[in-house]
Each structure stands twice: as C-alpha cells, then as structure tokens.
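# Descriptive structure summary
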Amino acid sequence: MRAQRQGSSQWLLSLPSLAWLGLFFVIPAILVFVTAFRPADLQGGVGPGWTLATLEEIRDPAYLPIIWRTVWVSAATTFFCLALALPMAFHIARAGQRQRQWLLLLVVIPFLSNFLIRIFAWKSLLHPEGPLTQTLISLHLLPENAVLLHHAGAVLLVMVYTQLPFAILPLYAAAERFDFGLLDAARDLGARPLQAFAKVFVPGVQRGLISAAVMVFVCSLGQYVIPQMVGGVSDDMLGTKIAQRVFSDRNLPHASALAGGMMLAVLLPMLVVAVWQRIGRKEGA
Amino acid sequence: MRRSRLPALLAWGVVLFLFAPLVVLVVNSFNASRFGGTWEGFTWGWYEKLWAADEVWASLWLTLRIAVSAALAAMVLGTLAAYVLHRFRSWLQNVHQVLITLPLVMPDILMGMSLLALFVLSGVETGLLTIWIAHVTFCLSFVTMVVLGRLQDFDFTLLDAAQDLGATRAQAVRKVLLPLLLPGVLAGGLLAFTLSVDDYVITFFVSGPGTTTLPLRVASMMRTSRTLPVINALSTLLIASTFVIAAVSSRLQRRA
C-alpha cells in the first residue's frame, strides 16, 4: 500500500521535469536526425517528402580538413586547460578556508561574465593597435606589423581562456577529496615534489581529470563564435559550418546532418566513459 | 615539510590570465582613445554614449524579462527534479538523472540547432516564447545540480521530527524543508538568471525578428566598429553586476 503510494507520488513529482526535458531536449535531438533526411526548401525550412541527398552532400571531402581542425583544436584546448587547471586545483584544495573561497570566487567570476564580452576583451587586447601587440612590439618581442588577431593561435588562446573554469571546477572538486597526507608519505619515501605530484596526486584525482577533459573537449567541439570572431578565414571549425548552413545558406537539412554527426561524436565517447566508470565503481564497491 | 611555491605561483598566474582581459576592458571604458592602445586621458564619454543608446536599454529590458521568467520556471522544475532524484532510487530516476545531466555537457550549438529543428518542424514562429523555452531548458539542469548539492546536506530526520510533533506532511515540507532549502533554490535561480542573461549561441538560433537580447545586441555592435568603446562601457557595467551576483550567491551557499 505504502510502496504503491510512493510509486505514484514519484511519478507525479518526476513528471514536470521529465516532460519538459522529453519535449524540449530529447525530441528536438531526435528531430535533428530526422531533418537530415528531409529536403530543404528555399525559405530555410524543410520541404515535403524524404531524401538521402543531404547525406551524399556531407560526404564532401572539403569537410575532412575542417573535421580534423575541429578535433585537434579541441584536443589542444583540452591539453592546455588541464595543464593549467591541475596546479590551480592543487593549490586551491590546499589553501586555507579564506583564500580558498576567494580563489573559487575569482575563478567563477570570469566564467559568469558574458561570453561575448570575454571574446571582445581578447579581441581588443590582441588588436593591432591594442595594448598587448603594442607592448610586445616595443619590447622587440614581436616584429613590426605583427598581427596576433585572426590566427589559429588566437583561436586556441581564447578557447583555453573561456573553457578554463570548466576544467578547474571539476578538478578542484576531486582535489578537495584527495588525501594530501599521501603526498607527504611519498616524499618521506624519497619522491621529489614533482614526482609526488605526477605519480600520487594526478592518479588520485583521475575521476575529476576525466570529467574535466570530457567537459572541455566536448564544449570545444561545438565552438563557432570564437573561430568566427578571433580566427582567420582558414580557421573554420565544424560549428562554424553548421552556423553558416543555417544562417547564410538557409539549408536546415544540411546543417542538421552536420549537427547529427557532431551529436554522435559527442554522445558516443561519453557513453563509453559512463559505462567504464560504472564498471570501475562496481569493482571498487 | 617545506611546501613548493610553484603551485601557488602558477595559481595566481592563472588568476592573472583570467582577469587581465577584463581589467583592460574596464580601463579602456574610461580611455578617451578609440582603440585603447594608449592612454589618452580620462573620459566619461563612452558611458554618456551608452546612456543615449536606447536600443541597448530596450535589449537589456527584454533580456531581464526573459531571464527572470526563465529562472523562475527553472527554479520550480529544478527543485522538484532535485527532490525526486534525491528521494527515490529507481530505474525512472536513473533515466531522469541522465536527462538532467546531458544538457550540461551538450555543446550549445547542438542544443540551439535541435530546438530550431523542433520549432521549424512544428511550425512555431521563433520569438520571445521560443527563447524562453530554450532558456528554461538549459537552466533546468543547473538549478537541479545546485539544489541537489544542498539536499545532500539536508537532514531528513527533521521532517520525521516535525511530523512526530504533530505537523502534517504538507506542513512539514512547507515549514521545515522549504525554508532550509531556500538558499540553495535561490542560488540555483541566480545561476539560471546569470546563464540566461549571458547566453548568446542558443538564443541566436531560436530568436526571431524583434527579439534582440543583450548578447545579440553586443554581437551586432561588435560587427560595426564605430561603437566599439561603448561596448567597453557596457561590459564594465555587466562585469560589475556579475561581481555583485557572484558575491550574493556565494553568501547564500555559505549560509548552511
């Protein structure tokens, strides 16, 4: 009797968020795949009937270098974010209560301030007449007329900048639970500090490291605003192409096919990680 | 044992890296120079220009209306979701958990693209309503996560105690659970509000004519270089309000 009542109240209370996510998250995601098989109409919508033509179109070899660039820029962004976030998380987790709260706040504030504004800030910093370029030129670290903007390096820099908090926060959450006594033990046993960091701390926060890496990598895969605003003409990523297909060519099925491909590329690795972590948890338990 | 100074140095280096561009923006908003390469004297001029830019204020008003209503809806849905996720262990909640987590890791462009597909295929005109739906959808997961974190610290025996003392179940929830949960719910709502105000990519996909939110406005200002320093002034005000919101939020979450 009681279990039955609990069952129905569980359904009733779960219904609002389940229905919302079903209607506005699951169904739309499925519709992306459906749209890829529909013909385009000239108003940017979808025509009647079904077609395989779009799938033929996206097998265009011109997409290969773009996919390759998307993957390596995302991988490089992930690498640099983790490299910066690891010592950061290590330091925050060991800091005193007050300093820790300050550092966390300082990490969160840029993360919460407007995304476009942060890109704009870099755009004006890297601008040929901007302070960074001017300073570097006057220090003779850069040749006269050097251009920092509209460059693959600028894309990478700004990507690392905007994604860094996504790496720091999960790593910090893992580092907070890490037993720092293990580091002292390692050093008592003769490990050098860097050795102790690499062989004890890094494996100790492995779970946080994985979620940070997945988070940054996946978010980077979908970027299009950054390459559009600070990159050059040859720095397009897959996201740029999707946005172009929707807003310039007004070809929704083509954009959907690309987005569907990206969605598979995002979901499959996460599924693998989730299954792997579940197995790990069962073994650990 | 002596601690290495290296992590501390690196950590403050990262903080410097995070804040340097923002500081440059703030300084340049008072700089008479158009490009901000050199300091050409203090001015309030860009703020005066901003004050006179009516379209910016119209966009801000629109953005605030969307953010408040989306945050409120996400607070209700997210609190309920967090409560059932915490309270029940079943296959239904496993599915629920996955559905709540996925939007957090879904790239914005895919979320925008899929909602656009939904609205185009179902013939819904994009505009205020579609932006609101999109914002509630991505805010929902964040609110749930924040409230869930709060619930994990909640001592559920308090509810039993209230009922032992004669409160009905509804009274116990209203007078014990909700007040103790409120800081978490508010912090979640504040996060939702900030994310909604900030969102550019998803909004861009589902906005229609006449619904230029503030980020969309900033993007179009960035394309016309005439107004660049005005963006500095606007950014400074937005960064300042982010500071206030972050401070309020961290106070709310600390009040355990």
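An unreviewed UniProt entry lists chain B under the name Spermidine/putrescine transport system permease protein, with Prosthecobacter vanneervenii given as the organism. Looking at the Sequence similarities (unreviewed entry) heading of the UniProt record, one finds this comment for chain B: "Belongs to the binding-protein-dependent transport system permease family. CysTW subfamily." What the UniProt record of chain B gives under Subcellular location (unreviewed entry) is the line "Cell membrane".

As annotated in an unreviewed UniProt entry, chain A is Spermidine/putrescine transport system permease protein from Prosthecobacter vanneervenii. What UniProt records for chain A under Sequence similarities (unreviewed entry) is the sentence "Belongs to the binding-protein-dependent transport system permease family. CysTW subfamily."

Helix and strand counts for chain B come out as 11 helices and 0 strands. If you line up chain B on its principal axes, its C-alpha atoms span 70 × 65 × 30 Å. The buried share among the 256 residues of chain B stands at 53%. Within chain B, contacts between residues separated by at least 24 positions form 71% of all contacts whose residues are at least 6 apart in sequence. Charge separation in chain B, taken as the distance between the mean sites of 18 positive and 12 negative side-chain charges, equals 7 Å.

This part takes up empty space enclosed by the protein. What the rule picks out here adds up to 1 cavity of 30 Å³ or more. Each pocket or cavity is described by its volume, and for the largest cavity that value is around 590 Å³. F166 and C219 of chain A together with D108, D198 and D199 of chain B are the residues nearest the centre of the largest cavity, which is lined by 27 residues in total. Among the secondary structure elements, those contributing two or more residues to the lining of the largest cavity are α5 (115-126), α7 (152-176) and α10 (206-221) of chain A together with α4 (91-105), α5 (108-121), α6 (128-152), α8 (169-198) and α9 (201-206) of chain B. Across the lining of the largest cavity, the residue classes tally to 19 nonpolar, 4 polar and 4 charged.

Attention shifts here to the environment of L209 of chain A. Residues and elements named next belong to chain A. Structurally, L209 is set in helix α10. With 41 residues separating them in the primary sequence, L209 and R250 have C-alpha atoms 40 Å apart. In contact with L209, other than residues within four places in its own chain, are L82, L86, L171 and V202.

Residue-level contacts link 80 residues of chain B with 83 residues of chain A. Both faces considered, chain B and chain A share a buried interface measuring about 7700 Å² in area, 81% of it formed by carbon and sulfur atoms. For the pair chain B and chain A, the number of links is 0 salt bridges. The interface formed by chain B and chain A contains 7 residue pairs in polar contact (both at pLDDT 80 or more). With 14 residues, the single largest contributor to the side of chain B that touches chain A is helix α1 (residues 6-28) of chain B. Looking at side-chain class alone, the side of chain B that touches chain A contains 62 nonpolar, 13 polar and 5 charged residues.

Cut-off values and rules
- Residues numbered from 1 in each chain as written.
- Chains lettered and ligands numbered in written order.
- Predicted model: local features only at pLDDT ≥ 70, side-chain atom pairs only at ≥ 80, totals over all residues.
- Heavy atoms only, no water.
- UniProt positions renumbered as here; feature names shortened; annotations may be inferred.
- Helix = DSSP H or I, 4+ residues; strand = E, 2+ residues; numbered from the N terminus.
- Buried < 20%, exposed > 50% of the residue type's maximum accessible area, 1.4 Å probe, protein only.
- Contact = heavy atoms within 4.5 Å.
- Lys, Arg positive; Asp, Glu negative; His and termini not counted.
- Charge placed at Lys NZ, Arg CZ, Asp CG, Glu CD.
- 1 Å grid on protein atoms, 1.4 Å probe; cavity = no way out; pocket = protein on both sides within 12 Å on 5 of 7 lines; lining within 4 Å.
- Points joined across faces, edges and corners; volume = space filled by probe spheres on them.
- Nonpolar A, V, L, I, M, F, W, Y, C, P; charged D, E, K, R; others polar.
- Buried area = accessible area lost by both parts, 1.4 Å probe.
- Salt bridge = Lys/Arg side-chain N within 4 Å of Asp/Glu carboxyl O.
- Polar contact = N/O pair within 3.5 Å; in protein donor to acceptor, adjacent residues only side chain to side chain.

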